Amino acid sequence: MEELRFFSPAVGRDVGVTLLTPKGEQPAGGYPVLLLLHGSSDDQRSWMLNTQIAELAAASNVLVAMPEGGRLGFYTDWRVPDRDGTIPRWESFHLGELLPRLENEYGASDVRMVAGISMGGYGALRYGMRHPEMFRAVASLSGIMHLTRPGMAALLGLLSVREGLRPGKIWGPRWSSRAAWAENDPLLHAEALASTRIYLAAGDGHRVPGEETVPGMGLIEQYSRSMTEELAERLHALNADVTTDFGTGTHFWQTWRGALERLWPYVLDTLR
């Protein structure tokens, strides 16, 4: 494991990346890459702190990169400053700066998959939607992906207030920036995802054994489940290669640990 910290011109400040480098000999074409995205109010260390990703990656030949994406960055190039005072262009950092750095310094290949939880699930779908040639597969675990769905503006508003931000900073106020919200809504652009392998997972809002009780996480997971099922239905209608994992669980780490364990064989199959 390596904890990288360096200045990103795209973000305008120092950023962090947690990196799991393979133990095996580097293949002729380089290591396959899993870009693993965190959720809101978390950072690049959250996957390591809360899941078994290190153990799973250690038995593989996959280079796992877990980059900082902002506590409410939503994997988008902002046009206004965030609470840290710079205008963070998260998409440009991840795809235009980080991936070339992994290729130049860590032997990464162009065989890639992107996956994430919650906000990171949105990010994975958004990157797959906007750059279908870049990733072999996209995985959303409990993704919050349907921006124009009723109630989403209110949810993002609450998250913004929690993070000390005025609502509407990312794509503009919902009432006056409807085109921008629609442009960044993966569910409205399912056809752009149809040529990529897609993995969709979500719980049902009910706690799994041993799961922490966190107020509101059951309702958020039910919300995620509904939009995830809708996206799966649209992708199936487009004859896309879609795998679904719908089970129990809330919008928290015990659910995601189980989801990651079930996702991992799919990752290895995609990146082999």
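Above this text is the structure in question.
Residues numbered from 1 in each chain as written. Predicted model: local features only at pLDDT ≥ 70, side-chain atom pairs only at ≥ 80, totals over all residues. Heavy atoms only, no water.

Enquirer: Tell me what's going on with the overall build of the chain, and back it up with residues and numbers.
Expert: A count of helices and strands for the chain gives eight helices and eight strands. On C-alpha atoms alone, the chain measures out to a radius of gyration of 17 Å, which is about the 19 Å that the 2.2 N^0.38 rule sets for 272 residues. With respect to the three principal axes, the spread of C-alpha positions in the chain is 50 × 40 × 40 Å. In the chain, buried positions account for 58% of the 272 residues. When contacts within the chain are restricted to residue pairs at least 6 apart in sequence, those whose partners lie at least 24 apart make up 75%. With an accessible surface of roughly 11300 Å², the chain has 52% of that area assigned to carbon and sulfur atoms. Looking at the chain, you have 26 positive and 32 negative side-chain charges, and the mean spots of the two groups are 5 Å apart. (Helix = DSSP H or I, 4+ residues; strand = E, 2+ residues; numbered from the N terminus. Rg over C-alpha atoms; globule rule 2.2 N^0.38 Å. Buried < 20%, exposed > 50% of the residue type's maximum accessible area, 1.4 Å probe, protein only. Contact = heavy atoms within 4.5 Å. Areas by Shrake-Rupley, 256 points an atom, 1.4 Å probe, with all protein chains shown as cover. Lys, Arg positive; Asp, Glu negative; His and termini not counted. Charge placed at Lys NZ, Arg CZ, Asp CG, Glu CD.)

Enquirer: Can you tell me about unusual backbone geometry, naming the residues and giving the values?
Expert: One non-glycine residue, Ser118, lies in the positive phi region at around 55 degrees. Among the secondary structure elements, Ser118 is positioned in the loop between β5 (108–117) and α4 (119–130). Backbone geometry at Asn239 places phi at a positive 60 degrees, although glycine is not the residue there. Classification of Asn239 as exposed rests on a relative accessible area of 71%.

Enquirer: Break down the packing of helix α3 (residues 90–106) against α4 for me, citing the residues and quoting the values.
Expert: Between α3 and α4, whose axes approach to 12 Å, the crossing angle comes to 65 degrees. Taken as axis vectors, α3 and α4 run roughly perpendicular relative to one another. Crossing angle aside, the handedness with which α3 passes α4 is right-handed. Side by side, α3 and α4 meet where Trp90, Glu91, His94 and Leu95 of the first sit next to Arg126, Tyr127 and Arg130 of the second. Across the contact of α3 with α4, the residue classes tally to three nonpolar, one polar and three charged. (Axes fitted to C-alpha atoms, helices over the stretch in contact; angles between N-to-C directions. Parallel < 35°, antiparallel > 145°, perpendicular 65-115°, else oblique. Left-handed = near helix turned anticlockwise from the far one by under 90°. Nonpolar A, V, L, I, M, F, W, Y, C, P; charged D, E, K, R; others polar.)

Enquirer: Requested: an account of helix α7 (residues 217–237), with residues and values cited.
Expert: Between its first and last C-alpha, α7 extends 30 Å over 21 residues, near the 30 Å set by a 1.5 Å rise per residue. Within α7 the residues assigned to the buried category are Met217, Gly218, Ile220, Glu221, Tyr223, Ser224, Arg225, Met227, Thr228, Leu231, Ala232 and Leu235. Contact partners of the buried residues in α7: α4, α5 (152–162), β7 (197–202) and β8 (242–246). Asn239 sits one or two residues past α7 and shows a positive phi near 60 degrees. (Expected span 1.5 Å × (residues − 1).)

Enquirer: Please set out the sheet that holds β8 residue by residue, giving values where relevant.
Expert: Taking strand neighbours across the sheet as the criterion, the eight strands line up as β1-β2-β4-β3-β5-β6-β7-β8 in an open arrangement whose pairing is mixed. If you trace the sheet from one side to the other, it starts and ends with β1 (2–8) and β8, each paired once. Averaged over all pairs of adjacent strands, the angle between their axes in this sheet comes to 20 degrees, without regard to strand direction. Of the pairings in the sheet, the one linking β7 to β8 comprises five bridges and is parallel in character. Within β8, the position partnered with Leu200 by the bridge is Thr244. The strands touched by α7 are β7 and β8; relative to β7, the strand with the most contacts, the crossing angle is about 150 degrees. Contacts from helix α8 (residues 253–271) reach β3 (31–37), β4 (63–67), β5, β6 (137–141), β7 and β8 within the one sheet, and its direction differs from that of β5 by about 155 degrees. (Pairing = 2+ DSSP bridges.)

Enquirer: Could you give an account of the pairing of β7, naming the residues involved and the relevant values?
Expert: The element β7 is largely enclosed, with a buried count of five among its six residues. Where β6 meets β7, five bridges bridge the pair, whose relative direction is parallel. Its bridge partner lying in β7, Leu141 is registered against Ala201. A crossover links β7 with its parallel partner β8, the connecting element being α7, and its sense is right-handed. (Right-handed = clockwise from strand over helix to strand, strands pointing away.)

Enquirer: So what's going on with the nonpolar core? Which residues, and what values?
Expert: Membership of the largest hydrophobic core comes to 60 residues, with the highest contact counts inside it found for Phe93, Leu102 and Leu235. Judged by nonpolar contacts, the second largest core, of 28 residues, contains Val111, Ala139, Tyr266 and Val267. (Core = buried A, V, L, I, M, F, W, Y, C linked by side-chain atoms within 4.5 Å.)

Enquirer: Describe in detail the environment of Gly151, supporting the description with residues and values.
Expert: Relative to the assigned elements, Gly151 resides in the loop between β6 and α5. Residue Gly151 is classed as partly exposed on the basis of its relative accessible area, which comes to 44%. Sequence separation of Gly151 and Asp245 is 94 residues, and the distance between their C-alpha atoms is 24 Å.

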